[in-house]
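So you can see what is in the structure, the chains are spelled out below.
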Amino acid sequence: MRFIMKKLLFVCLLIIPSVLLLAVFDDYQPSAIARGMGGAYTAVSKDANAIFFNPAGLINTTFSAKLSFSQLYNQDFSELKTVALGYKLPKNLGTVAIGARAMDVDFEDVNLMSEQVYSLAHSFILLEDIHSRISFGYTGNLYLLSMDGEDDDTALGIDLGALAVLHSRTHIAFAVTNINKATMGDENQIDLPSKLALGIAYIPYEKVTTSIEVKKDFAKETEFMGGVEAHLLEPLAIRFGVHQNPATYNAGLSIYIQNLEVDYSFTYHSVLPGTHYFSLGYKFK
């Protein structure tokens with residue numbers, strides 16, 4: 001009976017992703033800050049989690065780490081965990097980062113499916129003057145898909161990104177995930193998601209950031225998103241954002257205690273249960 005229930009749940013996860021929104025290596029938005037801004041993070045990526053959104057944004061970190069956790073759609077069988085570490089190299093050699101993401105689907109202590117992505121990235125400054133800066137970054141990803149009772153599948157993908165900061169107030173960025181259109185499997189191949197994101201952010205006042213973004217999945221429809229971040233008090237930042245297709249409403253906050261950062265966001269879905277997301281960050285210097 002347990003075996004039948006396990007297989008039934010697994011089949012449901014595969015044939016009705018429109019209900020659970022669980023597609024293979026989907027865009028799970030692995031950052032509480034990004035989620036709080038509705039996903040409009042390509043132009044404002046500034047910590048170690050930039051490795052998952054726009055590697056060019058890694059140039060803004062010196063030496064920091066991020067840990068994140070969420071149960072997607074408040075389902076205890078679907079856990080998303082991420083870790084990222086960024087380090088700025090000496091002598092203008094740029095910034096390097098490593099990261100890992102794991103999306104697990106469990107049933108009665110049995111792991112039915114696990115999506116894992118291991119990433120290595122590098123970013124550097126292309127041009128810089130007293131007013132503006134242009135940076136570029138690239139990421140290599142190792143995708144690993146494990147299913148209960150099946151052989152593991154792997155694939156290699158490449159992400160690219162660029163970020164231009166004009167007069168410290170305007171950010172313009174683009175990022176391409178899986179630009180080589182990697183596939184997984186032998187006979188029945190799975191096309192891994194390939195997306196192009198274009199983002200613009202503007203800082204009208206000090207400690208206030210607005211961001212809008214359009215993201216095109218080469219195999220699906222276009223997504224639009226936008227968000228606002230405000231540092232109201234010295235240790236507190238709040239965020240609001242909206243995302244279209246699928247429609248979600250998002251809010252979040254961060255608390256800064258010296259070099260420690262605690263992030264939280266909540267995503268409201270019109271059909272599915274909401275998603276809580278937690279991140280913990282630390283700046284070593």
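Residues numbered from 1 in each chain as written. Predicted model: local features only at pLDDT ≥ 70, side-chain atom pairs only at ≥ 80, totals over all residues. Heavy atoms only, no water.

1. Topic: the pattern of salt bridges
Applicable threshold: One speaks of a salt bridge when a side-chain nitrogen belonging to Lys or Arg is within 4 Å of a carboxyl oxygen belonging to Asp or Glu. Only runs of H or I of at least four residues qualify as helices and only runs of E of at least two qualify as strands under DSSP, and these elements are numbered from the N terminus. Classification of residues uses two cut-offs on accessible area relative to the type maximum, computed with a 1.4 Å probe and protein chains only: under 20% is buried, over 50% is exposed, and between them is partly exposed.
Tallied over the full model, the rule gives 9 salt bridges. One salt bridge connects Lys 207 with Glu 234, and the closest N-O pair in it is separated by 3.7 Å. Within this pair, whereas Lys 207 is found in the loop between strand S10 (195-205) and strand S11 (208-217), its partner Glu 234 is found in the loop between strand S12 (222-233) and strand S13 (236-244), the two being separated by 27 residues in sequence. The residue Arg 239 makes a salt bridge to Glu 229 at a minimum N-O spacing of 2.7 Å. Taken as a pair, Arg 239 in strand S13 and Glu 229 in strand S12 lie far apart in primary sequence, 10 residues in all. Both residues of the pair, Arg 239 and Glu 229, belong to the buried class. A network of salt bridges, in which partner residues are shared, links Asp 47, Lys 66, Glu 261 and Asp 263.

2. Some words on the packing of aromatic side chains
Each aromatic ring pair is characterised by the separation of its centres together with the angle its planes make. To be explicit about the condition: Pairing of aromatic rings covers Phe, Tyr and Trp, the last counted by its six-membered ring, and requires centre-to-centre distances within 6.5 Å; plane angles under 30 degrees mean stacked, over 60 mean edge-to-face, and any other angle means tilted.
For the structure on display, the rule yields 7 aromatic pairs. Taken together, a centroid distance of 5.1 Å and an interplanar angle of 80° make the contact between Tyr 41 and Phe 53 edge-to-face. Remark: Phe 53 occurs in the loop between helix H3 (32-36) and strand S1 (63-71) and Tyr 41 occurs in the loop between H3 and S1; sequence separation between them is 12 residues. Between the aromatic rings of Phe 63 and Tyr 87, the centroid separation amounts to 5.1 Å while the plane-to-plane angle is 85°, which identifies the pairing as edge-to-face. Taken together, the residues Phe 63 in strand S1 and Tyr 87 in strand S2 (residues 78-88) connect sequence positions 24 residues apart.

3. Considering the layout of surface pockets
Heads up, the condition is: The method works on a 1 Å grid over the protein atoms by themselves. A cavity is a set of points holding a 1.4 Å probe that cannot get out, a pocket is an open set with protein on both sides within 12 Å along at least five of seven lines, and residues with an atom within 4 Å of a point line them. Grid points are joined across faces, edges and corners, and a volume is the space filled by probe spheres set on the points. Each residue is assigned to one of three groups, with Ala, Val, Leu, Ile, Met, Phe, Trp, Tyr, Cys and Pro labelled nonpolar, Asp, Glu, Lys and Arg labelled charged, and all others, Gly among them, labelled polar.
By volume, the largest pocket is sized at about 860 Å³. Breaking the lining of the largest pocket down by element, the ones donating at least two residues are S1, strand S5 (132-147), strand S6 (153-166), S10, S11, S12, strand S15 (260-269) and strand S16 (275-283). Ranked by residue count, the leading element in the lining of the largest pocket is S1, at 4 residues. Here the lining of the largest pocket is composed, by residue class, of 15 nonpolar, 14 polar and 11 charged.

4. A few points about the pairing of strand S7 (residues 170-177)
Side chains on a regular strand alternate between the two faces of the sheet. The line we're drawing: Pairing between strands requires that DSSP locate at least two bridges from one strand to the other.
The pairing of S6 with S7 spans 7 bridges and is classified as antiparallel. Across the sheet, residue Gly 161 finds its bridge partner in S7, namely Ala 175. The antiparallel pairing of S6 with S7 creates a hairpin that spans 3 residues between the two strands, and His 167 there sits at a positive phi of about 55°.

5. Focus on unusual backbone geometry
Residues other than glycine predominantly adopt negative phi, and peptide bonds predominantly adopt the trans conformation. The amide bond that connects Asn 245 to the next residue, Pro 246, takes the cis arrangement and shows omega of 0°. Within the secondary structure, Pro 246 sits in the loop between S13 and strand S14 (248-257). A positive phi angle, close to 60°, is found at Asn 74, a residue other than glycine. Structurally, the position occupied by Asn 74 is in the loop between S1 and S2. Here the phi dihedral of Lys 91 falls at roughly 60°; this positive angle occurs in a residue that is not glycine. On the secondary structure map, Lys 91 appears in the loop between S2 and strand S3 (95-107).

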